[in-house]
Amino acid sequence: LLIAEVNPTDDIIKDIIKTIINDQTSEGAFTWAGWAGADITGGAINALKFAQTKGVAIDNEIITKAKNYLKTQQLNDGGWGYGSSDVLTTGWVMMGIKSLNEDQTAWFKNNKNPWHVLIETLNNTGFYESSWAPGTTDWFATKHAIPALLAKNWPIEPQFLQNQNTPIGNNPGYNNVDSVNPGFNNNTTTTTSTTFATTTIIFATSTLASTTITATT
C-alpha cells in the first residue's frame, strides 16, 4: 500500500503496522499463524523498514530484536530454514538484511554467509528444486532468490522499459545494484564468490525467462 502511495497516516496503514508489531514474540520473531520463522521475520523487517522511510514511527528496538532473532536462528551453513537451510527462507532473510543495510561481514558463520546457500543449491539446469518434491522446480523460491542475490529488498518498485531488449545491467528496475558485489555492500566479497553469485543470477534468471516464453507461446 505504501508503494502505491497510500497515505501513511491512513487508518489501514496504522492497523497493518499495529498488527505486525503485535505479532512479534518475546524472542523477536514474527510469525505465520503463530509459528515463528526466520522467513516471516525477514519479511516483517522489510515492511517495517520501508514504513520508516515513508515517515511511519517504528521503535528501532522492534527491528533490533528481530535482527537478533535472525542471528540466533542462522544455521551452520550461513542460511536459514526449518531443520536445514532452504532457498526460500534464506532469500527472504537476505532481503530483510539488505533493508537494514547490513554487509556480509556481519553474517558469516563457519566461514559461510547466506549467499553460499543460494549459490550452492542451484542445480545444473538453472533452477532450485522443491524441498518437498525433489526433482521439480521450486518457482516460488527461485523468483525470490534472484532479487536476494541482486541485493534488492521489498518492496521492489516496478519500472517499465521502453525497449524490452534492454540488458538487466541497464534496466532502471535494477538500479543501485553494486556491480562489484550484488550480495550486500561492497568490499567484503572475494572475486570468486562474486563470480559464482553473478553466474547464479544469470542462470536462474534465464530459467525463469525461458519458462515464461514457453508458457506464453
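The structure this text deals with has already been given above.
Residues numbered from 1 in each chain as written. Predicted model: local features only at pLDDT ≥ 70, side-chain atom pairs only at ≥ 80, totals over all residues. Heavy atoms only, no water.

**Re the side chain of serine 99**
Piece 1. With respect to the helices and strands, the residue serine 99 is situated in helix H4 (residues 87-99).
Piece 2. Judged by relative accessible area, serine 99 falls into the buried class, the value being 11%.
Piece 3. Aside from chain neighbours lying at most four places away, what touches serine 99 is Ile45, Asn46, Lys49 and Asn153. (Helix = DSSP H or I, 4+ residues; strand = E, 2+ residues; numbered from the N terminus. Buried < 20%, exposed > 50% of the residue type's maximum accessible area, 1.4 Å probe, protein only. Contact = heavy atoms within 4.5 Å.)

**Focus on the environment of proline 8**
Piece 1. Locating proline 8 in the fold gives a position in the segment before helix H1 (11-23).
Piece 2. Relative accessible area serves as the criterion here: at 26%, proline 8 is assigned to the partly exposed category.
Piece 3. C-alpha separation for the pair proline 8 and alanine 51, spaced 43 residues apart in sequence, amounts to 7.8 Å.
Piece 4. Proline 8 has contacts with Leu2, Ile13, Lys14, Lys54 and Val56, leaving out every residue within four places of it along the chain.

**Looking at the packing of aromatic side chains**
For any pair of aromatic rings, the description rests on two quantities: the centre-to-centre distance and the angle between the ring planes.
Piece 1. In this structure the tally under the stated criterion is three aromatic pairs.
Piece 2. Ring pairing ties together the aromatic residues Trp92, Phe140 and Trp154, which thus form one cluster.
Piece 3. In this structure, lysine 71 packs its charged tip against the face of tryptophan 107, placed 4.1 Å from the ring centre. (Phe/Tyr/Trp six-rings, centres within 6.5 Å; stacked < 30°, edge-to-face > 60°. Lys NZ or Arg CZ within 6 Å of the ring centre and 35° of its normal.)

Any functional reading would require information beyond the geometric quantities listed.
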